[in-house]
Amino acid sequence: VGTFAVQIAKIYGAHVTGVASTRNMELVTSLGADRAIDYTKENFTTDTVKYDAIIDMVGNHPLRALDGVLSPRGMVVMVGGPNENAFLGPVTRLAMAMVAAPILQGTFADFLASETKSDAVVLRNWMGSGKLRSVIDRRYPFAELPAAIAYQEAGRSRGKVIVQMP
């Protein structure tokens, strides 16, 4: 989601700041990010910069910290989050945001994809023209499906993990 989010935001003319690990800094800028922050060296939530939108892929910053770097009408879109709650998993974070909404200035929303044919056509056209590209991290033969799943579950992939069917 993150690699596409950077590119789509740029297509729509946004100024994009990407937050990534040291090993992914070059990838983030190659996707079009105007600024890249290495989270191993800098905490973007302590910066003075205000953001109109934050796409939270990991959920490792407190909601209050994210709220503190939002512009007055900013929004945090929560795509992922910690999976610490055995019953609700990452949905726990969204529930916390809903409870805290009265004291937060920004809007916190979850990300649920809905596919339409017209959206698929737009994405296809962007990919065909080179405006949008898929980042592929690794390819596995079908016989190595367990290894592919283990790699994906480790949470360190730098793009899509492809399992090739025989």
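Before reading on, note that the structure itself is shown above.
What you see is a predicted model; the values in this text were computed from it and never measured.

Trainee: Explain the pattern of salt bridges to me, and be specific about the residues and the numbers.
Mentor: According to the stated counting rule, one finds 6 salt bridges in the structure shown. Among the ionic pairs, D47 bridges to R35, the shortest N-O distance being 3.0 Å. Taken together, the positions of D47 in the loop between β2 (35-38) and β3 (51-56) and R35 in strand β2 put the pair 12 residues apart, joining distant regions of the chain. Overall, the relative accessible area of 24% leaves D47 in the partly exposed class. For K41, the salt bridge is made with D38, and the minimal N-O distance between the two is 3.9 Å. For K41, a relative accessible area of 68% puts it in the exposed group. Each of the salt bridges in this network shares a partner with another, and the network as a whole consists of R35, E42 and D47.

Trainee: I'd like to hear about the environment of M98, residue by residue, with values.
Mentor: Here M98 lies in helix α4 (residues 91-100). What makes M98 exposed here is its relative accessible area of 59%. Taking the C-alpha atoms as reference points, M98 and A109, 11 residues apart in sequence, are found 8.7 Å from one another.

Trainee: Residue-level account of helix α5 (residues 117-129), with values.
Mentor: Taking 1.5 Å of rise per residue, 13 residues should cover 18 Å, and α5 covers 18 Å from first to last C-alpha, within 8% of that figure. Positive phi appears at G130, one or two residues downstream of α5, with a value of about 90°.

Trainee: Provide a residue-level description of the pairing of strand β1 (residues 17-20), including the pertinent values.
Mentor: In regular strands, side chains alternate between the two faces of the sheet. Only one face of β1 is covered, namely the face carrying G18 and A20; the face carrying T17 and V19 is uncovered. Pairing analysis gives 4 bridges linking β1 to β2, with the strands arranged parallel. Each bridged residue has a counterpart across the sheet, and for A20 the counterpart in β2 is D38. The β-α-β motif built from β1, the intervening helix α2 (residues 25-30) and the parallel element β2 has right-handed crossover chirality.

Trainee: Could you give an account of the environment of Y140, naming the residues involved and the relevant values?
Mentor: Relative to the elements of secondary structure, Y140 occurs in strand β6 (residues 136-141). With a relative accessible area of 9%, Y140 lands in the buried category. Note: C-alpha distance between Y140 and Q164 (24 residues apart in sequence) is 6.1 Å. Apart from residues lying up to four places away in sequence, Y140 is in contact with A147, A148, Y151, V161, I162, V163 and Q164.

Trainee: Pulling in residues and values, what's your account of the sheet that holds β3?
Mentor: In spatial order, the strands read β3-β4-β5; together these 3 strands make up an open sheet with parallel pairing. Two strands bound the open sheet, and with one partner strand each, they are β3 and β5 (107-110). Ignoring strand direction, the axes of neighbouring strands in this sheet form an average angle of 15°.

Criteria and cut-off values
Residues numbered from 1 in each chain as written. Predicted model: local features only at pLDDT ≥ 70, side-chain atom pairs only at ≥ 80, totals over all residues. Heavy atoms only, no water. Salt bridge = Lys/Arg side-chain N within 4 Å of Asp/Glu carboxyl O. Helix = DSSP H or I, 4+ residues; strand = E, 2+ residues; numbered from the N terminus. Buried < 20%, exposed > 50% of the residue type's maximum accessible area, 1.4 Å probe, protein only. Expected span 1.5 Å × (residues − 1). Pairing = 2+ DSSP bridges. Right-handed = clockwise from strand over helix to strand, strands pointing away. Contact = heavy atoms within 4.5 Å. Axes fitted to C-alpha atoms, helices over the stretch in contact; angles between N-to-C directions.

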